[in-house]
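Each chain, written out:
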Amino acid sequence: APGRPIGVQTCALPILLGCLALAAFGVWWWQASAAAQRQSERRDVWRRWQASVTVAASNAEPAPVPAGDEAPADSTRAATPSRVPPVSLLNTRPVTPEAAACLVDLSDSLPRPRAVLTQLLLAGDDPVELARVVATDTASAALLLRTVNSARFHLTRPVSSVQHAVTYLGANLVRDMAIRHALALPAPAHDPAAERANQRLWRIGYLASTIALAVARHQRWPSAGALSTQALLFGLGDIALLAHHPGLAELYAPDYGLPARVEEIQRRLALNPAMAAAHLGRVWQLPQELVRGLGASLTPLAGGPQQLAPDLLAPVTLGYFSTGLADVMLRQGSCDPRTAVDTLLGLPHAFFLPEYLAACGVSGVLDALAQPAAARRLNAVWASTHATGERDRPEPSPD
């Protein structure tokens, strides 16, 4: 400025640049400290939840291991969290025109569920009410009895009534089978790979439902039956997409990981299984709570529990955990929850899972599954739904 000494002007620029550099360094330091704090908190959550798993495992009796499978040398070793899965879920609002067209085409191509489905969803796990609902629908009752009397159940005498089926198999499994029949989703025809994938998804659903019921009852949560149903239907979007697009079967092979499968489906169809399930739920007028849970079913794959509404935290966490555990049990080829829990917690798509479980207050899952009644149900479902006993291939390496 006119009249200002030259020396003052010369010194002002370095001082300004220095102040800007200090400010930039301060911002960087604050962001780095915050990131380190979040990582430290995540490790603390992991250690706290893993400690509860280890304590429960030390008090629980191991589930029987089928002949030919060797128990691991140390099935209670601490799992190490893998890297964060690089999955970016597509937003459901707004839906792109391409995704909207695919969703409409999907719902138009599938038959609507039978009218009895709504009653089954509301019946819960009350044996008397369940038997009454199933018996009132002739088609569902006939399909149920035909399934129960099939060779896979190895019955010494035929089951002749719905009430007998409920007594023999338990209300939870009968309800799950009746819901599957009521959904009336067609199995992929003339495509062996798609048929195998379809059957595997339903086996995962049956096991996940049984696991969810045991954990919900152990936690003394209300509506344990509804949470079990949510876990059964966690794969609804996958089953529906596979029925309409049999070419996706390769993505459901046992050696294909969940993050890679979701990314590839999003690349091909501009949507994901959670979007498909929520769309079908709305079209079929399923209960709103169920539809919202299905729409958020993949949330734990891509971020922490703060992304969920409080009322969705328990059903989504339990469904995601139970489905992942059932999948691992099929991969390892044995009904051994202890080893499966340890394996699941080390997989990439379970990176955020301890945070969700801690946020729900879930602990002692092995203790829940080791309870005599829960263990009997789990082993019965495993025996009735596991295919020829052939061992699935292991989860691919995160690298």
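Residues numbered from 1 in each chain as written. Predicted model: local features only at pLDDT ≥ 70, side-chain atom pairs only at ≥ 80, totals over all residues. Heavy atoms only, no water.

**Topic: the packing of helix H15 (residues 310-332) against helix H16 (residues 337-344)**
Think of two packed helices as two axes; the pair is described by the angle between the axes and how far apart they sit.
Line of reasoning, step 1. Between H15 and H16, whose axes approach to 9 Å, the crossing angle comes to 110°. When the axis of H15 is compared with that of H16, the two are roughly perpendicular. In this structure, H15 meets H16 at a crossing whose hand is right-handed. Here H15 contributes Phe321, Gly324, Leu325, Val328, Met329 and Gln332 to the contact with H16, which in turn contributes Pro337, Thr339, Ala340, Val341, Thr343 and Leu344.
Line of reasoning, step 2. Grouping the constituent residues of the contact of H15 with H16 by class yields eight nonpolar, four polar and no charged. (Axes fitted to C-alpha atoms, helices over the stretch in contact; angles between N-to-C directions. Helix = DSSP H or I, 4+ residues; strand = E, 2+ residues; numbered from the N terminus. Parallel < 35°, antiparallel > 145°, perpendicular 65-115°, else oblique. Left-handed = near helix turned anticlockwise from the far one by under 90°. Contact = heavy atoms within 4.5 Å. Nonpolar A, V, L, I, M, F, W, Y, C, P; charged D, E, K, R; others polar.)

**Here we look at empty space enclosed by the protein**
Line of reasoning, step 1. Enumeration according to the criterion identifies two cavities of 30 Å³ or more in this entry.
Line of reasoning, step 2. Computed from the structure, the largest cavity encloses a volume of approximately 470 Å³.
Line of reasoning, step 3. Taken together, 29 residues form the lining of the largest cavity, with Leu201, Asp238, Leu258, Arg261 and Thr323 sitting closest to its centre.
Line of reasoning, step 4. Elements represented by at least two residues in the lining of the largest cavity include exactly helix H8 (192-218), helix H9 (224-232), helix H10 (236-244), helix H11 (258-269), helix H12 (273-283) and H15.
Line of reasoning, step 5. Counting residues per element, the lining of the largest cavity draws most heavily on H8, at six residues. (1 Å grid on protein atoms, 1.4 Å probe; cavity = no way out; pocket = protein on both sides within 12 Å on 5 of 7 lines; lining within 4 Å. Points joined across faces, edges and corners; volume = space filled by probe spheres on them.)

**Description of the nonpolar core**
Line of reasoning, step 1. Among the nonpolar cores identified, the biggest contains 117 residues, and Leu120, Leu183, Ile211, Phe321 and Leu325 are the most heavily contacted of them.
Line of reasoning, step 2. Considering every element that reaches this core, the biggest residue donor is H8, with 14 residues.
Line of reasoning, step 3. Beyond its immediate sequence surroundings of up to four residues, Leu120 is in contact with Leu130, Val133, Val134, Arg175, Ala178, Ile179 and Ala182. (Core = buried A, V, L, I, M, F, W, Y, C linked by side-chain atoms within 4.5 Å. Buried < 20%, exposed > 50% of the residue type's maximum accessible area, 1.4 Å probe, protein only.)

**What to know about unusual backbone geometry**
Line of reasoning, step 1. Positive phi, normally seen in glycine, also occurs at Ala184, with a value near 60°.
Line of reasoning, step 2. Mapped onto the elements of the fold, Ala184 is located in the loop between helix H7 (171-183) and H8.
Line of reasoning, step 3. A residue is classified by how much of its surface remains accessible, and Ala184, at 24% relative accessible area, is partly exposed.
Line of reasoning, step 4. Phi at Arg220 is positive, roughly 60°, even though this residue is not glycine.
Line of reasoning, step 5. Its place among the elements puts Arg220 in the loop between H8 and H9.

**What about a nonpolar patch on the surface?**
Line of reasoning, step 1. A grouping of Leu16, Leu17 and Leu20 is seen on the molecular surface, where their side chains present a nonpolar patch of about 300 Å² in accessible area.
Line of reasoning, step 2. Mapped onto the fold, Leu20 is located in helix H1 (residues 6-59). (Patch = residues over 30% accessible without salt bridge, like charges linked within 9 Å, V, L, I, M, F, W, Y side chains within 5 Å. Areas by Shrake-Rupley, 256 points an atom, 1.4 Å probe, with all protein chains shown as cover. Salt bridge = Lys/Arg side-chain N within 4 Å of Asp/Glu carboxyl O.)

**Some thoughts on the pattern of salt bridges**
Line of reasoning, step 1. Counted by the stated rule, this structure contains eight salt bridges.
Line of reasoning, step 2. Measuring nitrogen to oxygen at the nearest pair gives 3.0 Å for the salt bridge that ties Asp327 to Arg200. Here the residue Asp327 occupies a position in helix H15, and Arg200 occupies one in helix H8, the gap between them amounting to 127 residues. The pair formed by Asp327 and Arg200 is uniform in burial state, with each residue classed as buried.
Line of reasoning, step 3. The partner of Asp311 in a salt bridge is Arg292, and the shortest N-O contact between them spans 2.6 Å. Pair noted here: Asp311 is in helix H15 and Arg292 is in helix H13 (residues 288-295), with a separation of 19 residues, a long-range link.
Line of reasoning, step 4. Take Asp311: its relative accessible area is 47%, and that puts it in the partly exposed class.
Line of reasoning, step 5. Its relative accessible area of 31% is what places Arg292 among the partly exposed residues.
Line of reasoning, step 6. Each of Glu250, Glu264, Arg267 and Arg268 takes part in a single network of salt bridges with overlapping partners.

**A closer look at H15**
Line of reasoning, step 1. For H15, spanning 23 residues, the distance from its first C-alpha to its last is 34 Å, which sits close to the expected 33 Å at 1.5 Å a residue.
Line of reasoning, step 2. Counting buried residues along H15, 19 of its 23 residues qualify, which places the element largely inside the surrounding structure.
Line of reasoning, step 3. The first or second residue beyond H15 is Gly333, which carries a positive phi of 75°. (Expected span 1.5 Å × (residues − 1).)

**A short note on the packing of aromatic side chains**
Line of reasoning, step 1. Applying the stated criterion to the full structure yields two aromatic pairs.
Line of reasoning, step 2. The interplanar angle of 35° and the centroid separation of 6.3 Å between the aromatic rings of Trp202 and Tyr206 together place this pair among those described as tilted. Placement of the pair is Trp202 and Tyr206 together in helix H8, with a separation of four residues, close to one helical turn.
Line of reasoning, step 3. Between Phe351 and Phe352, the ring centres sit 5.2 Å apart and the planes meet at 85°, which makes this aromatic pair edge-to-face.
Line of reasoning, step 4. Phe352 sits in the buried class, given a relative accessible area of 7%. (Phe/Tyr/Trp six-rings, centres within 6.5 Å; stacked < 30°, edge-to-face > 60°.)

**Details of the environment of His190**
Line of reasoning, step 1. Within the secondary structure, His190 sits in the loop between H7 and H8.
Line of reasoning, step 2. Measuring from C-alpha to C-alpha, the distance between His190 and Pro246 comes to 9.6 Å, with 56 residues separating the pair along the chain.

**Regarding the packing of helix H4 (residues 127-136) against H7**
Line of reasoning, step 1. Running from N to C, H4 and H7 cross one another at 25°; their axes reach a closest spacing of 10 Å. The angle between the axes of H4 and H7 places the two elements in the roughly parallel class. H7 is crossed by H4, and the crossing has left-handed handedness. For the pair H4 and H7, the contacting residues are Pro127, Leu130 and Val134 in the first and Ala171, Val174, Arg175 and Ala178 in the second.
Line of reasoning, step 2. Along the lines of polarity and charge, the residues of the contact of H4 with H7 split into six nonpolar, no polar and one charged.

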